[in-house]
Amino acid sequence: MLPKQYRLKKRSAFKATYKVKNSTHTGGVTLFAGLLKKENEYPTKVGFVVSKKVHKRAVKRNRLKRLMRESYRLLLKDNKLGNSQKYMSLIFVGSEKALGKNFSNIKSSIEKLLERI
RNA sequence: UAAAGUAGCCGGAUAAUCGCGCUUAGAGAAAUUUAAGUGAGGAAAGUCCGUGCAUCCCAGAACAGACCGCCGGAGAAACUCCGGACGAUGUGAGUCGGUGGAUAGUGCCACAGAAAAGAUGACUGCCGAUGGAUUUUUAUAUCACAGGCGAUGGUGCAACGGUGAGUUAAGAGCUUCACCAGAGAUAUCGAGAGGUAUCUGCUUGGUAAACCCCGGUUGGAUGCAAGAUUGAAUCGAAGGUUAAGGUUGUUCGCCAGCUUCGGAAAAAUCGCUAGAGAUUAGGAGUAAUCCUAAUACCAGAUAGAUGAUUAUCUAAAACAGAACACGGCUUACGGGCUGCUUUAUUUU
RNA sequence: CGGGAUGUAGCGCAGUUUGGUAGCGCACCUCGCUUGGGACGAGGGGGUCGCACGUUCAAAUCGUGUCAUCCCGA
């Protein structure tokens, strides 16, 4: 789990990020990016979403969310996030394809997404 | 030894590294940070029942409505649990069952069938002993007769107790007989549901998960997104729209509501976890459960905490994630362990 | 988390109240009409009524359980 200051919390913030329509996709994970930062005061906030339509069972949805979160955390720790930190907010959306994958697969696709955005 | 039944338990373990929520203590002006403790289930699930709790409505009573339905007990209550009765099922241990009333009344029972319920016997049919008529060799015979009979009709899920004898003109529960099914009465056992025995020819379809009758229970609605406190806001009237509501029963219109756009924007705290509770021990009871004592406080998040990786062991672990709480029910589930019981086989 | 609705032919819907025959439109197939196609006319096929168990002589319909889909409440 990420510390609180890195988490994207408000519904309005989620809406605003989706509205920008800056997105990229790979390996069953989609990344939405928000507006560019005006000042470098706050850290980039991240949200992780797996819809109920992806799978009915909460355990499997939670598992995917945790894997995505953990890979982002490790990248944050190693300071490998690169360009993505210029955005105010990021949202990772998991899909059906990503459900069965293991940690290394998820991590590599998240790394790719962060390079591309 | 094998197979089965039943009751219950476990629900990956250890180590290392990197992380998260909450509580307490410390540091700091604050953001934050340090340490210690603690942190998902047997079903947390489905939301099928029942409670607590909260808000709104409601003078009271009756009816209506809704729900329940063998007996006794437990429980706050329950489409709940325990013990028993009866029925069904299994070789058996056991398992399953919404199990009051069809003689209070109404409805329905397709097709087939004489008939689907009032069999005062309409039809098909059997008989012609008895009485009558006809014929006549006065015996027999015959009958659109009086009348007797309910066996025959094979259709159907179901045909007005069943099977087999005897009796008869033909026949029949005819009560004469044997066996069986049901009903009633009496006796007896039991707290009761009900069991057992004897007697009485008493024998009257099915359906109430059809209406209903009887007995019992019950204020209604909405659900923690309930609701309480604090704070902010409570504007514009530009466009679209009419499911519900008001204005007349209907339509239009209007009010009103919804929605798009613009402006403004902020959420926080409580509810919220000390309980119809948990663990251990003792006692009462066949059991459900209840009583007494001791012990500890044991999730409380809010884009939502229990995770990730590696190594070792095992069999490269199933179903599955708290969101106000509790009691049940139902459904999903890999593998393993224990107690008791039954059946089969082998040995003694 | 709470509340509500619906599952019937390839698609969209009746029938469920009051239990006995599953039907309508479009689509599909065959034939006719036409030089050919469309339209039109005639005929035909296609369904375990989401699934399971029960009540009943008999269940799409009644009862219970279960699965799936959709809608509403910040």
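In this text the structure is predicted, and so the values were computed from the model without any measurement.

Enquirer: Looking at this structure, I do not really get the pairing of strand β4 (residues 89-94). What am I missing?
Expert: Successive residues of a regular strand alternate their side chains across the two faces of the sheet. Within β4, six of the six residues are buried, which leaves the element mostly enclosed by the surrounding structure. Of the two faces of β4, the one lined by Ser89, Ile91 and Val93 and the one lined by Leu90, Phe92 and Gly94 are each fully buried. Strand direction decides the pairing type here: strand β2 (residues 29-33) and β4, joined by five bridges, are antiparallel. From the neighbouring strand, Leu31 faces β4, where its bridge partner is Phe92.

Enquirer: Help me understand the nonpolar core, please; the structure alone is not making it clear to me.
Expert: Grouped burial of nonpolar side chains is what soluble globular proteins tend to show. In terms of nonpolar packing, the biggest core is built from 21 residues, with Val29, Leu31, Met68, Leu90, Phe92 and Ile110 touching the most fellow members. Of all the secondary structure elements, the ones that give two or more residues to this core are β2, β3 (45-50), α2 (58-77), β4 and α3 (103-116).

Enquirer: What exactly am I supposed to notice about α3 here?
Expert: Along an α-helix, a turn takes 3.6 residues, which lines up residues three or four apart on a common side. If you check α3, its first and last C-alpha atoms are 20 Å apart, about what 14 residues at 1.5 Å a residue would give, namely 20 Å. Within α3, burial applies to Ile106, Ser109, Ile110, Leu113 and Leu114. In a view along the axis of α3, the buried residues occupy a sector of 140 degrees, so they form one face of it. In α3, those exposed residues whose orientation departs by more than 90 degrees from the buried face are Ser104 and Arg116. Looking at the buried positions of α3, the neighbouring elements they touch are β1 (22-26), β2 and α2.

Here is what the cut-offs are and how they apply
- Residues numbered from 1 in each chain as written.
- Chains lettered and ligands numbered in written order.
- Predicted model: local features only at pLDDT ≥ 70, side-chain atom pairs only at ≥ 80, totals over all residues.
- Buried ≥ 20, exposed ≤ 12 C-beta atoms within 10 Å, placed from the backbone.
- Helix = DSSP H or I, 4+ residues; strand = E, 2+ residues; numbered from the N terminus.
- Pairing = 2+ DSSP bridges.
- Core = buried A, V, L, I, M, F, W, Y, C linked by C-beta atoms within 7 Å.
- Expected span 1.5 Å × (residues − 1).
- Arc of directions from axis to C-beta.
- Contact = placed C-beta atoms within 7 Å.

Purely geometric stuff here, so don't read any function into it on its own.
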